[in-house]
Protein chains: 2
Amino acid sequence: MRRKVTLKQIAKELDVSISTVSRALNNSKEIGEETRQKIQAFAKFYNYKPNNIALSLKNRKTKTIGILIPEIVHHFFSTVIRGIEIVANQRGYNVIVGLSNESFSKEVINMEMLANGSIDGFILSISKETLLHQDYHHFKETINQGIPIVMFDRVVNEIDCDKVIVDDYKGSYNAVKKLISNGCKNIALITTMDYVSVGKLRTQGYLQALEDNKIHPKSSLILKLDDSLALEEHLDILEGEIEEFFNRNSQIDAIFAVNELYAVTAMKVARKLEYNIPEDIQVIGFTDGVLSKHARPSLTTVSQHGQKIGEQAAHLLIDRLLLDDEEIESENIDLEIDANFKTIVIETDLIERDSTK
Amino acid sequence: MRRKVTLKQIAKELDVSISTVSRALNNSKEIGEETRQKIQAFAKFYNYKPNNIALSLKNRKTKTIGILIPEIVHHFFSTVIRGIEIVANQRGYNVIVGLSNESFSKEVINMEMLANGSIDGFILSISKETLLHQDYHHFKETINQGIPIVMFDRVVNEIDCDKVIVDDYKGSYNAVKKLISNGCKNIALITTMDYVSVGKLRTQGYLQALEDNKIHPKSSLILKLDDSLALEEHLDILEGEIEEFFNRNSQIDAIFAVNELYAVTAMKVARKLEYNIPEDIQVIGFTDGVLSKHARPSLTTVSQHGQKIGEQAAHLLIDRLLLDDEEIESENIDLEIDANFKTIVIETDLIERDSTK
DNA sequence: TGTCAACACGCAAACGTTTTCGTTGCGTAT
DNA sequence: ATACGCAACGAAAACGTTTGCGTGTTGACA
């Protein structure tokens, strides 16, 4: 077992000083050609690579970004991570992942853990519990410590930072508009509780699309489901809820669901009740995941472009990190002033498949 | 913006030495009760938290583990990550994720990047390209530098390290046995090219199950597909291949597929060709993902328990890291001797759903 | 021959910790 | 009064880098 070689060891071996070795390896022209060659050859032979931790300590930056998301076994979130990772890697950053599991305390713990020097900035999506409690002190403190945050998808106005969001409103607006132009009159909405911001926006888009087309929204056609039903183990309960919903509202001719699972479950129930899709009932879901592509019939969805979201978020964060560097170098003190936070909106696409006409 | 407070700042402010502050905060009894209280109160007020990077440098361990996987938008891999993250967090570790995207060079780059001090050990699954080239020098070098590796799922005998694998052989053996006991005579296998070890093992299990039941395997009933077909964009090609396969072999009464996608695609094609499932053709897939649960009919699968794999892998790695620590403290030099690598086999389960009788 | 660049390199500080080894001051036993 | 032990704290090294500054050795030039 041969541990990694350090500058000190090289220096001792070649009988020069540590600084000489460092400069030689960094191709400083302060070092004579001969010694430089010798040192570089030696270093190459022993496969010298500078120690990242030491560099991090010295430079006060780690070149890694922290990702904090509620769940990783989830098509959307993992797609975002992929986008982040690609850009991060391109630009010389690593990613360290923390999972909140939708829990407030885990989110706080994870954040504090990583904020103590482990990362240069965060990219995160807020956990449901945090959104419910509306307690955002950990975000504020982190930002106050000079650690930039980029939020995506589940964001919140109270926090001043860069954001990347999906146009949930327009996405569902267009989806519902599509259903209307396909001749649907009684369009049902299957959604979640309101405290998740994206759910609220998607509901608003639904309502607005109806109104703009002179259709009076009926509250009976809106099914609000508890989040816990989205868990795999409660799938049958979810089906039951939706089935009752259908039975209460036999006039339904279209369904817009705020996520993929609700949509495919609705399709499953509809077929069980002997509705034909898309002839009797047309269905559109939000979030284009693996289920939508392979459902039967394949599901028309509002695609969120998760990877692009991740890429944009990573660019935003890294841009800001580099900007901060420059400002520190130029001893520019008006850091507070030019904060200039951006919110990037990623447009959704309606991917038409077989669940709509 | 208030940057994080350091020991030095506390020391200066309270007019004591850095060492006193450090000891006071660590509750050393070398420090007088009074000063200790004072320092702790001050530290608490300014929310002092030790800098992780400095600790890492001092302790020569980072308390983070590197995960290196081919792909993250993948039910199995993300499930494994979740398992790793849970255990890692419990035991005080962070996880940093690198994606090889099935590429050899990206795997090497990522590994070298992280091996320079950023992590204490690796948990990884080998990329297809690496398996194809059979070039494992980067694993060997990493291990040689004293950085332990735990491999999962896609492992390789050439490398001596801890491993967590699925019993691919027995899993597919039992699946095929089930099909046979359900009365199937002409069981087709849809698999990948051989160089992915798990694919090979699953094929072997298939063959052995047939032989043990006096069924002569026919090569015409084995469809080997190129991996690239598994990509979303080539879905129609995949369907075409499978459709031709069906047409060549009209006697097929069961299908065993080595992954979820092949299985559901086969079901889709079978239905298109007006076979009934499970009456005419029964189907079993490997890898229990989201597709299997929601396919129509729902797919009987061999479940791999990805989360458990991740948890076991994390335990193996962390156990070894702690073991190494002890050995260093006791200056035990016979590190090489008691390597004692384990291979944990996670048994699969056959989850019976509606695609089998 | 003396002066002064230019060159090539070493010293030491700094990043933020922990920890070993002192160093005080003071009370107590001899 | 001397020695000794102990409590309470400080100085400094170490982890592995980078970098500003100092220094010695050249060579050229006046």
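The shown structure was predicted, so the numbers you read here are calculated from the model rather than taken from an experiment. Going along each chain's sequence as written, the residues are numbered from 1 onward. Whichever chain is written first becomes A and whichever ligand is written first becomes 1, with later ones labelled in order. This being a predicted model, a pLDDT of at least 70 is required before a residue's local features are given, and a value of 80 or more before pairs of side-chain atoms are given or counted; all residues contribute to the totals for chains, interfaces and linings. Remark: hydrogens and water are excluded; side-chain values derive from all non-hydrogen atoms of the structure.

## Things to note about the interface of chain B and chain A
So, point 1. Throughout, a residue-residue contact means that at least one pair of heavy atoms, one from each residue, lies within 4.5 Å. Listed by partner, the interface residues are 57 residues for chain B and 57 residues for chain A.
So, point 2. By definition, the buried area sums, over both parts, the 1.4 Å-probe accessible area that each loses when the two are put together. Taken over both partners, the interface formed by chain B and chain A buries close to 5,300 Å², and the fraction arising from carbon and sulfur atoms is 54%.
So, point 3. Salt bridges are defined as contacts in which a side-chain nitrogen from Lys or Arg sits within 4 Å of a carboxyl oxygen from Asp or Glu. At the junction of chain B with chain A, the criterion picks out four salt bridges.
So, point 4. Two N or O atoms form a polar contact when they lie within 3.5 Å of each other; inside protein one atom must be a possible hydrogen donor and the other a possible acceptor, and for residues adjacent in sequence the pair counts only when both atoms belong to side chains. Here chain B and chain A share 15 residue pairs in polar contact (both at pLDDT 80 or more) between them.
So, point 5. Secondary structure elements with two or more residues in the side of chain B that touches chain A: α4 (52–59), α5 (75–90), β2 (94–99), α6 (104–115), α12 (260–272) and α13 (290–294) of chain B.
So, point 6. Numbering of helices and strands runs from the N terminus, with a helix taken as a DSSP run of H or I at least four residues long and a strand as a DSSP run of E at least two residues long. Among the elements that take part in the side of chain B that touches chain A, α5 of chain B stands out by supplying seven residues, more than any other.
So, point 7. When residues are grouped by polarity, Ala, Val, Leu, Ile, Met, Phe, Trp, Tyr, Cys and Pro land in nonpolar, Asp, Glu, Lys and Arg in charged, and all others, Gly among them, in polar. In terms of residue class, the side of chain B that touches chain A is built from 22 nonpolar, 20 polar and 15 charged.
So, point 8. Note: strand β2 (residues 94–99) of chain A against β2 of chain B, three bridges, orientation antiparallel. Residue pairing in the sheet places Val95 of chain A in a bridge with Val97 of chain B of β2 of chain B. A pair of strands is treated as paired once DSSP finds two or more bridges between them.

## Structural notes on the domain arrangement of chain A
So, point 1. For each domain, the first and last residues come from an automatic or database assignment. The assigned domain composition of chain A is domain 1 (7–50), domain 2 (62–165 + 306–345) and domain 3 (168–305).
So, point 2. Distance between the C-alpha centres of domain 1 of chain A and domain 2 of chain A: 38 Å.

## Let's talk about the packing of helix α11 (residues 235–248) of chain B against α12 of chain B
Residues and elements named next belong to chain B.
So, point 1. Think of each axis as a best-fit line through the C-alpha atoms, taken over the contacting stretch in the case of a helix, with angles from 0 to 180 degrees between the N-to-C directions. Remark: α11 packs on α12, axes separated minimally by 9 Å, with the N-to-C direction vectors making an angle of 60 degrees. One finds that α11 runs oblique with respect to α12. Where α11 crosses over α12, the two elements pack in a sense that is right-handed. From α11, Leu235, Leu238, Glu239, Ile242, Glu243 and Phe246 reach across to α12, where they touch Leu261, Tyr262, Thr265, Ala266, Lys268, Val269, Ala270 and Lys272.
So, point 2. Grouping the amino acids of the contact of α11 with α12 by side-chain chemistry returns nine nonpolar, one polar and four charged. Here the word oblique covers every angle except those under 35 degrees (roughly parallel), over 145 (roughly antiparallel) and from 65 to 115 (roughly perpendicular). Note on convention: near helix rotated counterclockwise from far helix by under a right angle means a left-handed crossing. Clockwise means right-handed.

## Considerations on helix α11 (residues 235–248) of chain A
So, point 1. Expected helix span is taken as 1.5 Å per residue step, with the number of steps being one fewer than the number of residues. When the terminal C-alpha atoms of α11 of chain A are compared, their 20 Å separation across 14 residues agrees well with the 20 Å that a helix rising 1.5 Å per residue should span.
So, point 2. Contact partners of the buried residues in α11 of chain A: β6 (187–192), β7 (222–225), β8 (254–257) and α12 (260–272) of chain A together with α13 of chain B.

## Overview of the relation of the copies chain B and chain A
So, point 1. Mapping chain B onto chain A leaves a residual RMSD of 0.0 Å; the transformation is a rotation of 180 degrees accompanied by 0.0 Å of translation along its axis. What the superposition gives is, in effect, a two-fold axis relating one chain to the other. Of every C-alpha in chain B, the one belonging to Ile96 of chain B sits nearest the axis of rotation, 2.0 Å from it.
So, point 2. Taken as a fraction of all interface residues of chain B, those also at the interface in chain A reach 100%, which identifies the copy contact as same-surface. What sets the superposition is a least-squares fit of C-alpha atoms, and only residues with pLDDT of at least 70 in both copies go into it.

## So, the protein's contact with DNA strand D
So, point 1. As a matter of local geometry, DNA strand D sits amid 27 residues, with Arg23 of chain A together with Thr20, Arg23, Glu30 and Gly32 of chain B nearest to it.
So, point 2. A cutoff of 4 Å decides nearness: a residue is near a molecule or strand if any of its heavy atoms lies inside that distance of it. Backbone atoms, meaning sugar and phosphate, make up 58% of the atoms of DNA strand D lying within 4 Å of the protein.
So, point 3. The side chain of Arg23 of chain A places a nitrogen or oxygen atom 2.6 Å from a base oxygen of DNA strand D.
So, point 4. For the surface near DNA strand D, the elements supplying multiple residues, two or more each, are α1 (7–14), α2 (18–25) and α4 (52–59) of chain A together with α2 (18–25) and α4 of chain B.
So, point 5. At four residues, α2 of chain A tops the list of elements feeding residues into the surface near DNA strand D.

## Considering the protein's contact with DNA strand C
So, point 1. Neighbouring DNA strand C are 28 residues; Thr20, Arg23, Glu30, Gly32 and Thr35 of chain A lie closest to it.
So, point 2. Each atom of DNA strand C within 4 Å of the protein was classed as base or backbone; sugar and phosphate made up 58%.
So, point 3. At 2.7 Å, a side-chain N or O of Lys8 of chain B approaches a phosphate oxygen of DNA strand C.
So, point 4. The separation between a base oxygen of DNA strand C and a polar side-chain atom of Arg23 of chain B is 3.1 Å.
So, point 5. Elements supplying a minimum of two residues to the surface near DNA strand C: α2 and α4 of chain A together with α1 (7–14), α2 and α4 of chain B.
So, point 6. The element best represented in the surface near DNA strand C is α2 of chain B, accounting for four residues.
So, point 7. Along the lines of polarity and charge, the residues of the surface near DNA strand C split into nine nonpolar, 10 polar and nine charged.

## Digging into the side chain of Asn94 of chain A
So, point 1. By the secondary structure assignment, Asn94 of chain A is in strand β2.
So, point 2. Leave out the neighbours within four places in its chain, and Asn94 of chain A touches Lys63, Thr64 and Ile65 of chain A together with Ile96, Asn110, Met113 and Leu114 of chain B.

## Details of the pattern of salt bridges
So, point 1. Under the counting rule described, the total for this entry stands at 28 salt bridges over all chains.
So, point 2. For Glu347 of chain A, the salt bridge goes to Lys170 of chain A, with nearest N and O atoms at 3.1 Å. One end of the pair, Glu347 of chain A, is in the loop between β11 (343–346) and β12 (349–351); the other, Lys170 of chain A, is in helix α9 (residues 168–181), with 177 residues separating them in the sequence.
So, point 3. Note that Asp319 of chain B and Arg91 of chain B form a salt bridge whose closest N and O atoms lie 2.9 Å from each other. With Asp319 of chain B in helix α14 (residues 306–329) and Arg91 of chain B in the loop between α5 and β2, this residue pair connects regions lying 228 residues apart in the sequence.
So, point 4. Residue classification places Asp319 of chain B among the partly exposed positions, given a relative accessible area of 39%.
So, point 5. The structure contains a network of salt bridges with shared partners spanning Asp167, Lys170 and Glu347 of chain A. For the exposure calls, accessible area comes from a 1.4 Å probe over protein chains only, and a residue counts as buried if that area is under 20% of its type's maximum, exposed if over 50%, partly exposed in between.

## Examining the packing of aromatic side chains
All names here are of chain A.
So, point 1. In summary, the pairing rule links any two rings of Phe, Tyr or Trp, Trp by its six-membered ring, whose centres are within 6.5 Å, and it sorts them by plane angle into stacked for under 30 degrees, edge-to-face for over 60 and tilted for everything else. Applying the stated criterion across every chain yields a total of 18 aromatic pairs over all chains.
So, point 2. Between the aromatic rings of Phe246 and Tyr275, the centroid separation amounts to 5.7 Å while the plane-to-plane angle is 35 degrees, which identifies the pairing as tilted. Taken together, the positions of Phe246 in helix α11 and Tyr275 in the loop between α12 and β9 (282–286) put the pair 29 residues apart, joining distant regions of the chain.
So, point 3. Look at Phe246 and you get buried, because its relative accessible area is 1%.
So, point 4. Each ring is checked for a lysine NZ or an arginine CZ that lies within 6 Å of its centre and within 35 degrees of its normal; such an atom marks a charge sitting over the ring. We note Arg202 situated over the ring of Phe286; from NZ or CZ to the ring centre the distance is 3.8 Å.

## Looking at the sheet that holds β2 of chain B
So, point 1. Reading across the sheet, the 12 strands line up as β11(A)-β5(A)-β4(A)-β3(A)-β1(A)-β2(A)-β2(B)-β1(B)-β3(B)-β4(B)-β5(B)-β11(B) and stay open at both edges, with mixed pairing between neighbours. Single-partner strands in this sheet number two, and they are β11 of chain A together with β11 (343–346) of chain B. Along the sheet, successive strands turn relative to each other by an average axial angle of 20 degrees, direction set aside.
So, point 2. Two elements, strand β1 (residues 64–69) of chain B and strand β3 (residues 121–124) of chain B, share four bridges in a ladder whose sense is parallel. By the bridge assignment, Gly66 of chain B is partnered in β3 of chain B with Phe122 of chain B.

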